Amino acid sequence: MNSQKRGFLILSVIILMVTFSYLSISIIQNQTFSSQIDKLKYLEIQAKIHIGKIEKYINETNNELEILNYKLNDERFDLKIKSEQLDTNSSQITYHITVTSKDEPVTLYKKIIK
């Protein structure tokens, strides 16, 4: 009788330990994923700010060479600006702006016709 109680107690403790271990691992994983999502959201917001700043700069500047050589003051992002003239008779220039995070999979693109 005494050994049955001891065996049941050990089984109960093992089941409780497995259950709480699983719950604690799940909580830690959720916090890690949440932290990663917050980081990606922050980087996306930062990239949107950079694109808005570049768009304003393009609209205020008439020198195409200056626009193509524009550099970001943020080392976490790469910037690519390409231009193309839609028609040889037209003075409209299309700028393709791509802001990409160096360390994370965040990329934003904007097309501006000036």
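Our subject is the structure that appears above.
Residues numbered from 1 in each chain as written. Predicted model: local features only at pLDDT ≥ 70, side-chain atom pairs only at ≥ 80, totals over all residues. Heavy atoms only, no water.

**Description of the overall build of the protein**
In terms of helices and strands, the protein carries two helices and three strands. Principal-axis analysis of the C-alpha atoms gives the protein an extent of 100 × 25 × 15 Å. Relative to its 114 residues, the protein shows a buried fraction of 22%. Taking the intrachain contacts of the protein between residues at least 6 apart in sequence as the baseline, contacts between residues at least 24 apart amount to 43%. For the protein, the exposed area adds up to about 8,800 Å²; of that, 57% sits on carbon and sulfur atoms. Between the mean site of the 15 positive side-chain charges and the mean site of the 13 negative ones, the protein shows a separation of 11 Å. (Helix = DSSP H or I, 4+ residues; strand = E, 2+ residues; numbered from the N terminus. Buried < 20%, exposed > 50% of the residue type's maximum accessible area, 1.4 Å probe, protein only. Contact = heavy atoms within 4.5 Å. Areas by Shrake-Rupley, 256 points an atom, 1.4 Å probe, with all protein chains shown as cover. Lys, Arg positive; Asp, Glu negative; His and termini not counted. Charge placed at Lys NZ, Arg CZ, Asp CG, Glu CD.)

**Examining a nonpolar patch on the surface**
There is a patch of nonpolar side chains on the surface, built from Leu16, Phe20, Tyr22 and Leu23 and spanning about 460 Å² of accessible area. Mapping Leu23 onto the fold places it in helix α1 (residues 2–60). Relative accessible area serves as the criterion here: at 42%, Leu23 is assigned to the partly exposed category. (Patch = residues over 30% accessible without salt bridge, like charges linked within 9 Å, V, L, I, M, F, W, Y side chains within 5 Å. Salt bridge = Lys/Arg side-chain N within 4 Å of Asp/Glu carboxyl O.)

**Side note on the packing of aromatic side chains**
Evaluated as defined, the whole model comprises one aromatic pair. The interplanar angle of 40 degrees and the centroid separation of 4.7 Å between the aromatic rings of Tyr57 and Tyr70 together place this pair among those described as tilted. Note that Tyr57 is positioned in helix α1 and Tyr70 in the loop between α2 (64–68) and β1 (77–85), a separation of 13 residues in sequence. Of the residues examined, Tyr57 reaches a relative accessible area of 23% and is grouped as partly exposed. Judged by relative accessible area, Tyr70 falls into the buried class, the value being 16%. (Phe/Tyr/Trp six-rings, centres within 6.5 Å; stacked < 30°, edge-to-face > 60°.)

**A look at the environment of Tyr42**
Inspection of the secondary structure puts Tyr42 in helix α1. With 49 residues separating them along the chain, Tyr42 and Ser91 place their C-alpha atoms 37 Å apart.

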